[in-house]
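# Fold and contact review
Now for the letters of each chain:
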Amino acid sequence: QFFVETESPANLPRTVEVFLEEARAAGWSLLTTHNMAGILSARGYTLHPVLIIEVCSGKYSAELLGKDETRYVSSMIPCRVAIYQTSTGKVVVSRMNTIMFAGMLEPAVADVIRKSGEEMEAIIAKTLARLK
């Protein structure tokens, strides 16, 4: 399973708000948010809200980007979490299954990717627990 999706009990704005609070509390930084529905709307397409949130933990990024031998994973950084609304109104938190993906990588990279993925899963779990 390359992607993990979890339904949120709250609406989209509240889910995003709490996710960002939890990410910041864990020491992660918000780099940017891509409003895909807005971007595509400007090009004549209509779709339900899709926000792609890019967050970064310096402790993990610096460890990988600081070495020539592991910098090849830079295309996976920053961590991306999508929060979107379905046509039935459900709000979903979607992310790559980095913990599983880490098992396919060399040990020096795998350990950092796994730890980062575990921390992101904890952030998402705290987010969803607060929304119940």
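As a reminder, the structure under discussion sits directly above these lines.
All figures in this text were calculated on a predicted structure; none of them were measured in a lab. (Residues numbered from 1 in each chain as written. Predicted model: local features only at pLDDT ≥ 70, side-chain atom pairs only at ≥ 80, totals over all residues. Heavy atoms only, no water.)

### A look at the overall build of the protein chain
Secondary structure assignment for the protein chain yields 5 helices and 5 strands. Counting from the amino terminus, the protein chain carries its helices and strands in the arrangement β-α-β-α-β-α-β-β-α-α. Dimensions of the protein chain along its principal axes, counting C-alpha atoms only, are 45 × 35 × 25 Å. Taking all 132 residues of the protein chain together, 40% fall into the buried category. Counted over contacts in the protein chain with a minimum sequence separation of 6, partners at least 24 positions apart contribute 69%. Taken as a whole, the protein chain presents about 7,300 Å² of accessible surface, with 56% of it coming from carbon and sulfur. Both charge centroids of the protein chain, one from 14 positive and one from 14 negative side chains, sit 4 Å from each other. (Helix = DSSP H or I, 4+ residues; strand = E, 2+ residues; numbered from the N terminus. Buried < 20%, exposed > 50% of the residue type's maximum accessible area, 1.4 Å probe, protein only. Contact = heavy atoms within 4.5 Å. Areas by Shrake-Rupley, 256 points an atom, 1.4 Å probe, with all protein chains shown as cover. Lys, Arg positive; Asp, Glu negative; His and termini not counted. Charge placed at Lys NZ, Arg CZ, Asp CG, Glu CD.)

### Re the pattern of salt bridges
Tallying each qualifying case throughout the model produces 10 salt bridges. Note that Asp-68 is salt-bridged to Arg-71, the shortest N-O span being 2.6 Å. On the basis of relative accessibility, which here comes to 59%, the residue Asp-68 falls in the exposed class. Note that Glu-121 and Arg-95 form a salt bridge whose closest N and O atoms lie 2.8 Å from each other. Within this pair, whereas Glu-121 is found in helix 5 (residues 107–131), its partner Arg-95 is found in strand 5 (residues 91–96), the two being separated by 26 residues in sequence. Accessibility expressed as a relative area gives 24% for Glu-121, which makes it partly exposed. Relative accessible area serves as the criterion here: at 5%, Arg-95 is assigned to the buried category. (Salt bridge = Lys/Arg side-chain N within 4 Å of Asp/Glu carboxyl O.)

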